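The primary structure of each chain is shown beneath.
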Amino acid sequence: LMGLAWVNPGRVSAHCDTLDGPVILDARKALEKKDVTPVLKWIPQEDEKTIHEAFDKTLAVRALGNEARDLADTYFFETLVRIHRQSEGAPYTGLKPAGSVDPLIAEADRSLESGSADKLETQVLDAVKQGIHETFHEAVQARKSKDTSVASGRDFVKAYVTFVHYVERLYQDAHNRAAHEGHEAAPAPAGAEHHGH
């Protein structure tokens, strides 16, 4: 896998459904304190009633014993994560075990805790450089024989498209944070026209 292949949207968006992710950590705090407030930030206002009801049911069942407590907690976690992911337009595919968070996302969380993004920045930039180097190298090599045959020409076109789209996505992501926030994408900066390959 080259460059940022390990930082893909599917894996990133799944961060919230891990048992050691921030949503579940807040859910555990809420249950411990018997106060639902810490988890409300993870859901839309219109779903608060559902979460309040699930929370109250969970607290009632938790009092019945350890086995009931585990089942009740899982029910609450699943309800909370399902609604959170639904609000992001993402499917709920079940809770993931602790330790399954992507290393980059784990580092992003640590950067927030420490107040420094230096290590995170280094990891991302190293991956970007590697991705550019690999796709560029493949395109350069394929270009050398692009006119020797139709097959070689097609190999070049494939490598060229991969390279151009890769750097284009990087550039647009770097200049358009709104796209990651679920808002309408802003116009691409001058000189970053989309290549319809």
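These numbers come from a predicted model, not from an experiment.

Draft legend 1. Spatial organisation of the packing of helix H2 (residues 22-33) against helix H5 (residues 66-87). Where H2 contacts H5, the axes come no closer than 10 Å and their chain directions differ by 135 degrees. It follows from the interaxial angle that H2 and H5 lie oblique. Handedness of the H2/H5 crossing: right-handed. Residues Val23, Ile24, Ala27, Arg28 and Leu31 of H2 lie in contact with H5, whose contacting residues are Asp73, Phe76, Phe77, Leu80, Val81 and His84.

Draft legend 2. Local environment of the pattern of salt bridges. This structure, assessed with the given rule, holds 5 salt bridges. Between Lys96 and Asp17 there is a salt bridge whose closest N-O contact spans 3.1 Å. Of the two residues, Lys96 is situated in the loop between H5 and helix H6 (103-114) and Asp17 in the loop between helix H1 (9-13) and H2; the sequence distance between them amounts to 79 residues. Under the relative-accessibility criterion, Lys96 is labelled partly exposed at 26%. The salt bridge partner of Asp147 is Lys146, with a shortest N-O separation of 3.2 Å. Given a relative accessible area of 69%, Asp147 falls into the exposed group.

Draft legend 3. A look at the nonpolar core. Judged by nonpolar contacts, the single largest core of 18 residues is most densely connected at Val39, Ile51, Phe76 and Leu80. Listed by contribution, the elements that provide at least two residues to this core are H2, helix H3 (37-40), helix H4 (48-62) and H5. If we ignore the near neighbours within four places in the chain, the residues touching Leu80 are Val23, Ala27, Val39, Ile43 and Ile51. If you look at the next biggest cluster of nonpolar residues, it comprises 6 residues, including Ala139, Ala142, Phe156 and Ala159.

Draft legend 4. Looking closely at the packing of aromatic side chains. This structure, assessed with the given rule, holds 3 aromatic pairs. It is Lys146 that lies over the ring of Phe156; its NZ or CZ is 6.0 Å from the centre.

The rules behind the values
- Residues numbered from 1 in each chain as written.
- Predicted model: local features only at pLDDT ≥ 70, side-chain atom pairs only at ≥ 80, totals over all residues.
- Heavy atoms only, no water.
- Axes fitted to C-alpha atoms, helices over the stretch in contact; angles between N-to-C directions.
- Helix = DSSP H or I, 4+ residues; strand = E, 2+ residues; numbered from the N terminus.
- Parallel < 35°, antiparallel > 145°, perpendicular 65-115°, else oblique.
- Left-handed = near helix turned anticlockwise from the far one by under 90°.
- Contact = heavy atoms within 4.5 Å.
- Salt bridge = Lys/Arg side-chain N within 4 Å of Asp/Glu carboxyl O.
- Buried < 20%, exposed > 50% of the residue type's maximum accessible area, 1.4 Å probe, protein only.
- Core = buried A, V, L, I, M, F, W, Y, C linked by side-chain atoms within 4.5 Å.
- Phe/Tyr/Trp six-rings, centres within 6.5 Å; stacked < 30°, edge-to-face > 60°.
- Lys NZ or Arg CZ within 6 Å of the ring centre and 35° of its normal.

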